[in-house]
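# Tertiary structure, described
The lines below spell out each chain.
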Amino acid sequence: MASPRSLGQLGPPPPPPPPPPARLLLLLLLPLLLPLAPGAWGWARGAPRPPPSSPPLSIMGLMPLTKEVAKGSIGRGVLPAVELAIEQIRNESLLRPYFLDLRLYDTECDNAKGLKAFYDAIKYGPNHLMVFGGVCPSVTSIIAESLQGWNLVQLSFAATTPVLADKKKYPYFFRTVPSDNAVNPAILKLLKHFQWKRVGTLTQDVQRFSEVRNDLTGVLYGEDIEISDTESFSNDPCTSVKKLKGNDVRIILGQFDQHMAAKVFCCAYEENMYGSKYQWIIPGWYEPFWWEQVHTEANSSRCLRKNLLAAMEGYMGVDFEPLSSKQIKTISGKTPQQYEREYNNKRSGVGPSKFHGYAYDGIWVIAKTLQRAMETLHASSRHQRIQDFNYTDRTLGRIILNAMNETNFFGVTGQVVFRNGERMGTIKFTQFQDRREVKVGEYNAVADTLEIINDTIRFQGSEPPKDKTIILEQLRKISLPLYSILSALTILGMIMASAFLFFNIKNRNQKLIKMSSPYMNNLIILGGMLSYTSIFLFGLDGSFVSEKTFETLCTVRTWILTVGYTTAFGAMFAKTWRVHAIFKNVKMKKKIIKDQKLLVIVGGMLLIDLCILICWQAVDPLRRTVEKYSMEPDPAGRDISIRPLLEHCENTHMTIWLGIVYAYKGLLMLFGCFLAWETRNVSIPALNDSKYIGMSVYNVGIMCIIGAAVSFLTRDQPNVQFCIVALVIIFCSTITLCLVFVPKLITLRTNPDAATQNRRFQFTQNQKKEDSKTSTSVTSVNQASTSRLEGLQSENHRLRMKITELDKDLEEVTMQLQDTPEKTTYIKQNHYQELNDILNLGNFPESTDGGKAILKNHLDQNPQLQWNTTEPSRTCKDPIEDINSPEHIQRRLSLQLPILHHAYLPSIGGVDASCVSPCVSPTASPRHRHVPPSFRVMVSGL
């Protein structure tokens with residue numbers, strides 16, 4: 001079998017001795033036997049042979065090297081670094097008298113070929129002390145799982161898969177490159193640095209990325225950082241991105257390859273998840289200018305390049321640091337920067353690999369491990385040599401494993417330390433700025449420190465993004481100027497009510513005020529004052545008082561407003577009830593209703609209120625509740641959202657209790673309307689307030705209905721709600737007080753007696769029994785009096801006309817009488833009663849024919865008065881001469897003057913014609929008819 005490619009002692013070898021015939025034959029057959037060892041490579045180009053006197057320490061190198069494999073560039077790119085490390089180790093004689101003999105085997109990133117190369121190296125090659133390499137995760141994991149059976153320790157410089165971190169499954173596996181999980185402690189440190197406590201993850205459905213996400217969950221657990229949402233996707237990330245936005249995720253930790261990264265950022269652009277409010281943290285191991293390579297895929301997802309770049313702006317990439325940035329000499333005596341220059345010079349036309357520093361440090365790790373193993377063997381009593389190792393030597397295998405765990409030095413990639421086989425390396429942070437990636441910080445896993453490079457991180461906002469939408473809970477409170485204005489109006493109303501109270505108390509002995517029940521007026525004013533007071537309490541919210549005080553105010557203001565309403569309107573309705581009770585007294589009996597009884601009525605109404613309120617408070621008291629509304633943007637443009645809060649006074653069965661209160665108040669209002677309607681025709685202003693009560697009830701009812709509806713609709717606007725409630729209370733209280741007291745004030749100032757008089761109001765009685773039999777209902781007192789008054793006025797006028805006619809007839813009869821002394825005396829003495837009866841005809845309610853009948857009876861009974869009193873001799877004389885004679889004139893005057901006196905003197909305020917007679921009492925005549933007093937008063941008064 002041909003020997004594999006060996007990177008042994010570098011430098012000029014000594015001249016080889018002349019080969020014997022058998023060796024010469026083997027060298028001639030070497031080109032033919034080389035293809036029989038798959039994966040084996042010959043001597044390195046330009047690598048001198050080691051001296052035969054120096055025993056080799058063989059190391060198995062497993063990595064892809066062919067150009068047909070994409071990752072073959074990694075193997076080819078690290079070879080110059082490996083050669084530099086081996087050369088420097090030889091120059092320092094670190095392993096004297098041994099030298100490193102690295103034998104390379106091409107795995108071609110294929111599981112079958114890699115496993116075959118591994119077994120061929122064991123079968124056909126020398127006894128390898130260690131395995132160096134392992135690039136492709138699948139090949140590396142298969143080989144690493146079988147290392148314990150061969151007592152071989154493997155050191156990888158490029159396998160970053162987290163799967164290999166399982167020490168139970170891969171106890172002999174180490175790597176100089178940090179695993180993909182190594183970025184999670186660095187991310188944790190970054191989150192703490194910017195105080196981000198709420199994140200979300202977006203993961204591609206690939207095992208490599210899922211392992212990192214699972215490890216990240218364990219790292220963040222217990223660190224007071226919440227993973228609010230975990231999303232994964234296979235091909236289309238837009239749905240997951242949309243869910244992240246719906247859950248208000250601002251800090252997104254992504255795990256996906258560069259091809260999916262373009263789709264992710266296109267979706268982020270569509271969902272507007274970029275800019276000053278969002279921060280994306282994704283893997284930083286993508287190819288340089290990766291967005292240019294995947295631009296075609298981005299276009300296929302209907303995402304323009306400028307949109308992709310806009311969404312990418314500001315993202316942070318996290319990856320291991322290829323070379324340390326510190327200018328400190330490493331174990332080789334050179335700084336990382338010096339090493340990088342030597343590497344670039346040595347690789348000539350070979351492409352660079354970002355793993356070359358880890359391969360360089362890996363060779364140094366192997367050398368230091370073997371050195372410590374040799375020291376351990378030298379110190380032991382076994383006197384075993386390290387080159388005597390074989391795959392069944394478990395003791396030496398354990399010695400090498402323990403020596404590997406003790407590794408600790410500063411290499412070109414930083415401090416090289418293993419913890420459970422994992423490299424505690426340096427993690428760098430880069431940020432995408434203006435279409436390029438800029439290093440902004442690094443994390444040292446050994447010291448667990450994060451270093452942010454000054455003035456390199458550029459956030460698109462004035463400050464780092466918030467980890468969530470900052471919700472500023474803002475209590476919607478009543479505006480202080482509005483509260484001041486309405487309080488001022490309320491104070492004016494209270495001053496007005498105080499003025500009315502002063503007016504009522506001062507003039508309580510005035511007939512006008514006394515008839516209007518001053519005590520009830522005081523209660524009306526007290527109710528208005530209580531209603532005014534409730535406005536101050538309705539305006540006190542959480543901005544003025546504490547939560548406990550606000551809850552107390554919920555009950556107090558309800559009680560005050562309820563009691564004030566009942567006190568004011570209860571007193572008003574009690575007054576009206578008294579008027580109703582007096583003037584609706586059909587039997588006209590004397591009825592006295594004192595103020596004490598009215599106070600008892602108002603007290604009863606208040607007692608019902610107290611029963612309702614006490615039950616309300618005991619069973620289901622009012623509590624302070626806070627209602628949260630949907631978020632609103634900050635008016636100042638800050639990256640916060642305002643969540644309005646509004647305080648309410650509520651309980652479990654609020655609707656039921658309000659229904660009970662409204663029902664009771666509604667019945668009270670209906671009762672007031674009924675009383676106002678029943679007493680509407682009582683026209684004594686001092687007693688009757690029915691018109692003003694109706695106006696008050698109408699205004700209060702309408703305003704309360706409108707106010708309650710508008711207040712319910714403006715529930716989420718405390719200023720509007722308070723304004724409406726306050727104005728309704730002010731209007732209702734003010735209009736009620738004004739309607740009750742302003743008319744009294746005006747009347748008292750202008751005509752204090754007019755209110756207590758009623759020229760039209762008269763009490764009447766039924767004049768006929770048959771009228772009471774045919775009428776079963778009593779109409780209004782005022783209407784009956786008015787109709788009776790009009791009838792009597794008409795009758796009075798008719799009777800006056802009748803008196804005039806009778807006066808003329810009497811004159812004619814008198815002129816016909818004989819002018820004899822004895823007859824004159826007879827007339828004077830015996831006929832005054834008959835004349836008085838004739839004059840009293842005006843007091844009869846009968847018709848004109850009735851008056852004529854009385855006169856006719858009177859003349860029939862005294863026929864001599866008409867005809868027989870004159871002598872025959874006198875009748876033949878000239879009538880004109882007889883009438884104008886002095887005797888006749890004297891006689892006429894003696895008869896007419898009493899008539900005029902009794903007929904006209906009462907009309908000008910004299911003696912009632914029905915009460916006296918010149919000489920005889922009206923009752924002396926048997927024909928005198930009794931006239932009811934009320935009728936006589938009515939007639940004589942007119």
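Residues numbered from 1 in each chain as written. Predicted model: local features only at pLDDT ≥ 70, side-chain atom pairs only at ≥ 80, totals over all residues. Heavy atoms only, no water.

## So, unusual backbone geometry
Here the residue pair arginine 96 and proline 97 is connected by a cis peptide bond, since its omega of 10° sits within 30 degrees of zero. Tracing the chain through its elements places proline 97 in the loop between α2 (72-91) and β3 (99-106). The phi torsion at asparagine 151 lies on the positive side, around 60°, for a residue other than glycine. Assignment of secondary structure puts asparagine 151 in the loop between α5 (147-150) and β5 (153-156). Residue asparagine 151 is classed as buried on the basis of its relative accessible area of 4%. Located in the positive-phi region is aspartate 248, a residue other than glycine, with phi close to 60°. For aspartate 248, the position within the fold is in the loop between α8 (238-246) and β9 (251-255). With relative accessibility at 23%, the residue aspartate 248 sits in the partly exposed group. (Helix = DSSP H or I, 4+ residues; strand = E, 2+ residues; numbered from the N terminus. Buried < 20%, exposed > 50% of the residue type's maximum accessible area, 1.4 Å probe, protein only.)

## Focus on the state of the cysteines
Tallied over the full model, the rule gives four disulfides. Put simply, cysteine 238 and cysteine 267 are joined by a disulfide, and their sulfur atoms are 1.9 Å apart. Here cysteine 238 and cysteine 267 share a disulfide; its torsion about the S-S bond, -65°, makes the bridge left-handed. Of this pair, cysteine 238 sits in helix α8 while cysteine 267 sits in helix α9 (residues 258-270), and the two are 29 residues apart along the sequence. On the basis of relative accessibility, which here comes to 24%, the residue cysteine 238 falls in the partly exposed class. Two residues share a disulfide in this structure: cysteine 554 and cysteine 649, whose sulfurs sit 1.8 Å from each other. Here cysteine 554 and cysteine 649 share a disulfide; its torsion about the S-S bond, -65°, makes the bridge left-handed. Pair noted here: cysteine 554 is in helix α19 (residues 547-583) and cysteine 649 is in strand β21 (residues 640-650), with a separation of 95 residues, a long-range link. Just as cysteine 554 is buried, cysteine 649 falls in that class too. Once the disulfide-bonded cysteines of the chain are ranked by sequence position, their pairing pattern turns out to be 1-2, 3-5, 4-6, 7-8. (Disulfide = S-S within 2.5 Å.)

## Details of the side chain of serine 531
Among the secondary structure elements, serine 531 is positioned in helix α18 (residues 518-538). For serine 531, a relative accessible area of 8% gives the class buried. If near-sequence neighbours (up to four positions away) are discounted, serine 531 is found in contact with Leu561, Gly564, Tyr565, Ile729 and Ser733. (Contact = heavy atoms within 4.5 Å.)

## Observations regarding the pattern of salt bridges
Taken as a whole and judged by the stated rule, the model has 25 salt bridges. The shortest N-O distance in the salt bridge between glutamate 292 and arginine 305 comes to 2.3 Å. Of this pair, glutamate 292 sits in helix α10 (residues 290-293) while arginine 305 is found in helix α12 (residues 305-312), placing the two residues 13 residues apart along the sequence. A salt bridge links arginine 623 to glutamate 551; the nearest nitrogen and oxygen atoms lie 3.1 Å apart. Placement of arginine 623 in strand β19 (residues 623-628) and of glutamate 551 in helix α19 is noted, with a sequence separation of 72 residues between them. By relative accessible area, glutamate 551 is classed as partly exposed at 26%. Several salt bridges share partner residues, and in doing so they unite Glu321, Lys439 and Glu442 into one network. (Salt bridge = Lys/Arg side-chain N within 4 Å of Asp/Glu carboxyl O.)

## Thoughts on the layout of surface pockets
Size it by volume and the second largest pocket reaches roughly 1300 Å³. Along the walls of the second largest pocket sit 35 residues, with Trp285, Tyr286, Glu287, Lys354 and Phe355 positioned nearest its centre. Taken together, the elements giving at least two residues each to the lining of the second largest pocket come down to α2, α9, β11 (316-320), β15 (426-433) and β16 (436-444). Counting residues per element, the lining of the second largest pocket draws most heavily on β16, which supplies four residues. (1 Å grid on protein atoms, 1.4 Å probe; cavity = no way out; pocket = protein on both sides within 12 Å on 5 of 7 lines; lining within 4 Å. Points joined across faces, edges and corners; volume = space filled by probe spheres on them.)

## As for the nonpolar core
Across soluble globular proteins, nonpolar side chains have a tendency to be buried as a group. One finds Leu100, Phe132, Phe157 and Leu370 to be the most contacted residues of the largest nonpolar core, which totals 104 residues. With 12 residues, helix α14 (residues 356-379) is the single largest residue contributor to this core. Core analysis: the next-biggest nonpolar cluster, separate from the first, contains 57 residues, Ile525, Ile612, Ile729 and Phe741 among them. (Core = buried A, V, L, I, M, F, W, Y, C linked by side-chain atoms within 4.5 Å.)

## Looking at the confidence of the model for the chain
Here the chain shows a mean pLDDT of 77. Residues at 70 or above account for 74%. In this model residues 8-49 is a low-confidence stretch, pLDDT under 50, and it forms 61 contacts with partners more than four residues away in sequence or in other chains. Residue range residues 902-942 is modelled with pLDDT below 50. Its contacts to residues more than four positions away, or to other chains, number 63 contacts. (pLDDT = per-residue confidence, 0-100.)

## Some details on the environment of phenylalanine 731
Within the secondary structure, phenylalanine 731 is located in helix α23 (residues 718-750). Separated by 31 residues in sequence, phenylalanine 731 and valine 700 have C-alpha atoms that sit 8.3 Å apart. Contacts of phenylalanine 731, omitting those with residues within four sequence positions, involve Asn699 and Met703.

## Side note on a nonpolar patch on the surface
There is a patch of nonpolar side chains on the surface, built from Ile485, Leu489, Ile491, Leu492, Ile495 and Leu727 and spanning about 550 Å² of accessible area. Tallying contributions element by element places helix α16 (residues 480-506) first for the nonpolar patch, with five residues. Topologically, isoleucine 491 is positioned in helix α16. For isoleucine 491, a relative accessible area of 43% puts it in the partly exposed group. (Patch = residues over 30% accessible without salt bridge, like charges linked within 9 Å, V, L, I, M, F, W, Y side chains within 5 Å. Areas by Shrake-Rupley, 256 points an atom, 1.4 Å probe, with all protein chains shown as cover.)

## Description of the UniProt feature "transmembrane region" (unreviewed entry) in the chain
Taken from the UniProt record, the annotation "transmembrane region" (unreviewed entry) applies to residues 480-503, 523-544, 556-577, 598-619, 654-677, 697-713 and 719-742. Taken end to end, residues 598-619 is 100% helix and 0% strand, and its first and last C-alpha atoms sit 32 Å apart. The span residues 697-713 carries 100% helix and 0% strand; its end-to-end C-alpha distance comes to 24 Å. (UniProt positions renumbered as here; feature names shortened; annotations may be inferred.)

## Some details on the packing of α14 against helix α15 (residues 394-405)
A pair of packed helices is captured by two measures, namely the crossing angle of their axes and the spacing between those axes. α15 packs onto α14 with a crossing angle of 125° between their chain directions and a minimal axis gap of 8 Å. As summarised for this structure, α14 and α15 are arranged oblique, according to the angle between their axes. Classified by chirality, the crossing of α15 by α14 is right-handed. Within the contact between the two elements, α14 uses Val365, Thr369, Arg372, Ala373, Thr376 and Leu377 and α15 uses Leu396, Ile399, Ile400, Ala403 and Met404. Looking at the contact of α14 with α15 residue by residue, the class counts come to eight nonpolar, two polar and one charged. (Axes fitted to C-alpha atoms, helices over the stretch in contact; angles between N-to-C directions. Parallel < 35°, antiparallel > 145°, perpendicular 65-115°, else oblique. Left-handed = near helix turned anticlockwise from the far one by under 90°. Nonpolar A, V, L, I, M, F, W, Y, C, P; charged D, E, K, R; others polar.)

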